[in-house]
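These are the residues of each chain, in order.
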Amino acid sequence: MKDIYCLAIETSCDETSMSIIKNGTEEIETVILTQIDIHKKFGGVVPEIASRSHIESITIVLDELLEKSHMKISDIDIIGVTYGPGLIGSLLIGLQCAKTISLITGKPLIPVHHIAGHIYANNLEQRLSFPLIALVVSGGHTELVYMDNDYSFKRIGGTLDDAIGEAYDKVAKILGLEYPGGPKVDKLASQGKDTYNLPYPLDDDTYNFSFSGIKSAVVNLVHNEKQRGNNINAEDMCTTFQNRVISVITKKTMKAVTEFKVNNLVIAGGVAANRGLREKLEELCKEKSINFSVPRIKYCTDNAAMIGSAAYYAYKKGIIADLKLNAKATDNLYKY
Ligand code: KG4
Ligand code: ZN
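Per-chain numbering applies: the sequence of each chain, read as written, is numbered from 1 onward. In the order they appear in the text, chains get letters beginning with A and ligands get numbers beginning with 1. Owing to the predicted nature of the model, reporting of local features is limited to residues with pLDDT of at least 70; listing and counting of side-chain atom pairs is limited to 80 or more, with chain, interface and lining totals taken over all residues. Only hydrogens and water are removed before side-chain values are computed, so all heavy atoms of the structure are retained for them.

Side note on the domain arrangement of the protein chain
Logical step 1: Domain start and end points were adopted from an automatic or database domain assignment. For the protein chain, the assigned domains read domain 1 (5–120 + 299–335) and domain 2 (129–294).
Logical step 2: Computed over C-alpha atoms, the centres of domain 1 and domain 2 are 27 Å apart.
Logical step 3: Residue contacts are defined here by distance: any two heavy atoms, one from each residue, within 4.5 Å place the two residues in contact. Every contact between the two is made by 24 residues of domain 1 and, on the other side, 25 residues of domain 2.
Logical step 4: Defined here as a combined quantity, buried area equals the accessible surface (1.4 Å probe) lost by two parts on assembly, summed across both. Summed over both sides, the interface between domain 1 and domain 2 buries roughly 1900 Å², with carbon and sulfur atoms accounting for 70% of that surface.
Logical step 5: Summed over the three residues of domain 1 that lose the most area to domain 2, namely Ile 119, Cys 300 and Tyr 334, the buried surface amounts to 33% of that side.
Logical step 6: Salt bridge, as used here, is a side-chain nitrogen of Lys or Arg placed within 4 Å of a carboxyl oxygen of Asp or Glu. We note a salt bridge from Lys 40 to Glu 178, for which the minimum N-O separation is 3.6 Å.
Logical step 7: Side-chain atoms alone can form a polar contact between residues adjacent in sequence; in general such a contact is a pair of N or O atoms within 3.5 Å, and within protein one must be able to donate a hydrogen while the other accepts it. Counting the contacts that link domain 1 with domain 2 gives four residue pairs in polar contact (both at pLDDT 80 or more).
Logical step 8: Going through the elements one at a time, α1 (36–40), β5 (109–113), α4 (114–120) and α11 (304–316) are the ones with two or more residues in the side of domain 1 that touches domain 2.
Logical step 9: Only Asp, Glu, Lys and Arg are considered charged in this grouping, and only Ala, Val, Leu, Ile, Met, Phe, Trp, Tyr, Cys and Pro are considered nonpolar; every other residue, Gly among them, is considered polar. Of the residues in the side of domain 1 that touches domain 2, the class split is 16 nonpolar, five polar and three charged. Per the convention used, a helix needs a DSSP run of H or I reaching at least four residues, while a strand needs a run of E reaching at least two, with both numbered from the N terminus.

Structure, rendered in structure tokens:
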């Protein structure tokens, strides 16, 4: 069978990334230009600045990718692009680039849902085995997904309010840690003790999550202590927060693995980089002899390699867009 080389483009938030992926599994080359330093001083991503930065970076990233991979645009078979969900202005830059390349080369344009990309980051580590449960935890999403085959997604639960990454970033901000705070909270969590009185977030029998309550609990606790003139022990606060959220997330994830009778669990998204979460799930999966897959850290946060992997399987399923494809700030993955 002929090899399929996918040029993948990801610009849904604050990373301008392009990648070339062979047959959905083999990374030829990836370039990621992060804007973290630009947004840091604002304490979060500023959408207008993000889209302007993508405009400045996108051709530079493409040139670098082709140079590093020793490939030409004419060597590419399909073009995969994140069309949503994400920041609309940011998505539009990557999408316009993908459409232009598709128009010039006549090669198929493959629309990729950002969450499908995160899940397929695992396919770059080892080929996905089905059926599986995917736990998607990022700055914009917290979802449990069941898949019985490639590019077939069934949502079984998700957050009712904030995404887990959002909660991490907010907790970091109130503790005076720099954006993006998730990795910093994770690091401090490994150095503290579980001493604070924080609630277990939506600790019920459903597959849904809620993080706005625990986020507010941290904010209130910090304010109250400050008003009393007391110092907050950041390490202990991070340990307590991380223990509470990981306890509920891992409990619900393992319940899904059991109830859906799967032998495979994959985790994905920026928060899959969390050491506490990885270690706990690894331990629980070992106990139950479940195959556990987690991407390398560089594939957890936003990158185009994961989009290139997902695009290959979308293409195999006949999911091809025309030049009318538009960016979507929100969209349902589960129509596929
Ligand atoms: O997947 P991602 O790069 O972007 C979205 O699609 O949202 O995820 C970014 C999120 C941020 O909220 C960041 O703080 C969080 O992932 N994050 C972490 C860790 N590394 C990144 N959260 C907790 N622990 C980490 N180690
Ligand atoms: Zn993401």
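The rest of the description comes next.
Observations regarding the side chain of Thr 253
Logical step 1: By the secondary structure assignment, Thr 253 is in helix α8 (residues 234–259).
Logical step 2: A polar atom in the side chain of Thr 253 sits 2.6 Å from the backbone oxygen of Ile 249.

Some thoughts on the packing of helix α7 (residues 212–227) against α8
Logical step 1: For helices, the axis comes from a line fit to the C-alpha atoms of the stretch in contact; other axes are also lines fit to C-alpha atoms, and the angle between any two N-to-C directions lies between 0 and 180 degrees. Where α7 meets α8, the closest approach of the two axes is 11 Å, and the angle between their N-to-C directions is 160°. Comparing the axis directions of α7 and α8 gives the class roughly antiparallel. The interaxial crossing formed by α7 with α8 has right-handed handedness. The segment α7 lies against α8, with Ile 214, Val 218, Leu 221 and Val 222 engaging Met 237, Phe 241, Arg 244 and Val 245.
Logical step 2: Split into classes, the residues belonging to the contact of α7 with α8 amount to seven nonpolar, no polar and one charged. In what follows, roughly perpendicular refers to angles from 65 to 115 degrees, roughly parallel to angles under 35, roughly antiparallel to angles over 145, and oblique to any angle outside these ranges. Working rule for handedness: look at the near helix, and if it is turned counterclockwise from the far one by less than a right angle, call the crossing left-handed; if clockwise, right-handed.

A look at the site of ligand 1
Logical step 1: Summary of the distance rule: residues count as near a molecule or strand when at least one heavy atom falls within 4 Å of that molecule or strand. The environment of ligand 1 is formed by 19 residues, the closest being Gly 139, Asp 169, Asp 186, Gly 270 and Asn 274.
Logical step 2: Separating an oxygen atom of ligand 1 from a backbone N or O atom of Gly 182 is a distance of 3.1 Å.
Logical step 3: The contact in question runs from an oxygen atom of ligand 1 to an N or O atom on the backbone of Asp 302, over 3.1 Å.
Logical step 4: Each accessible area value is a Shrake-Rupley result obtained with a 1.4 Å probe; residue values ignore everything except the protein chains displayed when judging cover. Bound to the protein, ligand 1 loses 89% of the 550 Å² it would expose on its own.

Notes on the coordination of the zinc ion (ligand 2)
Logical step 1: Donor atoms: N, O and S within 2.8 Å of the metal, or within 3.2 Å for Na, K and Ca. Because water is excluded, sites can look incomplete. At the metal site, the zinc ion (ligand 2) is ligated by His 114 (NE2), His 118 (NE2) and Asp 302 (OD), and these contacts range over 2.0 to 2.1 Å.
Logical step 2: Each donor residue of the zinc ion (ligand 2) lies on the same chain, and together they follow the pattern H-x3-H-x183-D. Here His 114 pairs with His 118, and both are found in helix α4, just four residues apart, close to one helical turn. Accessibility classification places His 114 together with His 118 in one group, the buried group. Burial classes: relative accessible area under 20% of the type maximum marks a residue as buried, over 50% as exposed, and values in between as partly exposed (1.4 Å probe, protein chains only).

Digging into the environment of Asp 162
Logical step 1: Looking at where Asp 162 falls in the secondary structure, it is placed in the loop between β8 (154–158) and α5 (164–174).
Logical step 2: The exposure class of Asp 162 is buried, given its relative accessible area of 12%.
Logical step 3: Not counting the four nearest positions on each side in its chain, Asp 162 is found in contact with Thr 142, Phe 211, Ser 212 and Lys 215.
Logical step 4: Within the structure, the side chain of Asp 162 is placed 2.7 Å from the side chain of Lys 215, a separation counted as a polar contact.

Some thoughts on the packing of α5 against α8
Logical step 1: Packing of α5 against α8 leaves a shortest axis separation of 12 Å and a crossing angle of 175°. On the basis of their axis angle, the class for α5 and α8 is roughly antiparallel. From α5, Ile 164, Ala 167, Tyr 168 and Val 171 reach across to α8, where they touch Phe 241, Gln 242, Val 245, Ile 246 and Ile 249.
Logical step 2: Split by residue class, the contact of α5 with α8 holds eight nonpolar, one polar and no charged.

Quick notes on the nonpolar core
Logical step 1: Ranked by size, the top nonpolar core spans 60 residues in total, and within it Ile 9, Met 18, Ile 119, Tyr 120, Tyr 151 and Phe 153 carry the most contacts.
Logical step 2: Residue contributions to this core reach at least three from each of two domains, namely domain 1 (5–120 + 299–335) and domain 2 (129–294).
Logical step 3: Once residues within four sequence positions are removed from consideration, Ile 119 is found in contact with Leu 128, Ala 134, Val 136, Val 145, Met 147, Phe 153, Val 266 and Ala 268.
Logical step 4: Side-chain atoms within 4.5 Å are what join buried Ala, Val, Leu, Ile, Met, Phe, Trp, Tyr and Cys residues into a set we call a nonpolar core. One finds Leu 198, Val 257, Ala 272 and Cys 300 within the second-largest nonpolar core, a separate group that totals 50 residues.

A word on the packing of aromatic side chains
Logical step 1: Centres within 6.5 Å make a pair out of two Phe, Tyr or Trp rings, where for Trp the six-membered ring is used; the pair is then stacked when the planes are under 30 degrees apart, edge-to-face when over 60, and tilted otherwise. The final tally for this structure, using the stated rule, is eight aromatic pairs.
Logical step 2: Relative to Phe 241, the ring of Tyr 168 has its centre 5.0 Å away and its plane inclined at 80°; by these criteria the two rings are edge-to-face. Pair noted here: Tyr 168 is in helix α5 and Phe 241 is in helix α8, with a separation of 73 residues, a long-range link. The exposure classification of Tyr 168 matches that of Phe 241, with both residues buried.
Logical step 3: Charges are assigned to positions over rings by a cutoff of 6 Å between ring centre and Lys NZ or Arg CZ, combined with an angular limit of 35 degrees from the ring normal. Just above the ring of Tyr 207 sits the side chain of Lys 255; from NZ or CZ to the centre is 5.2 Å.

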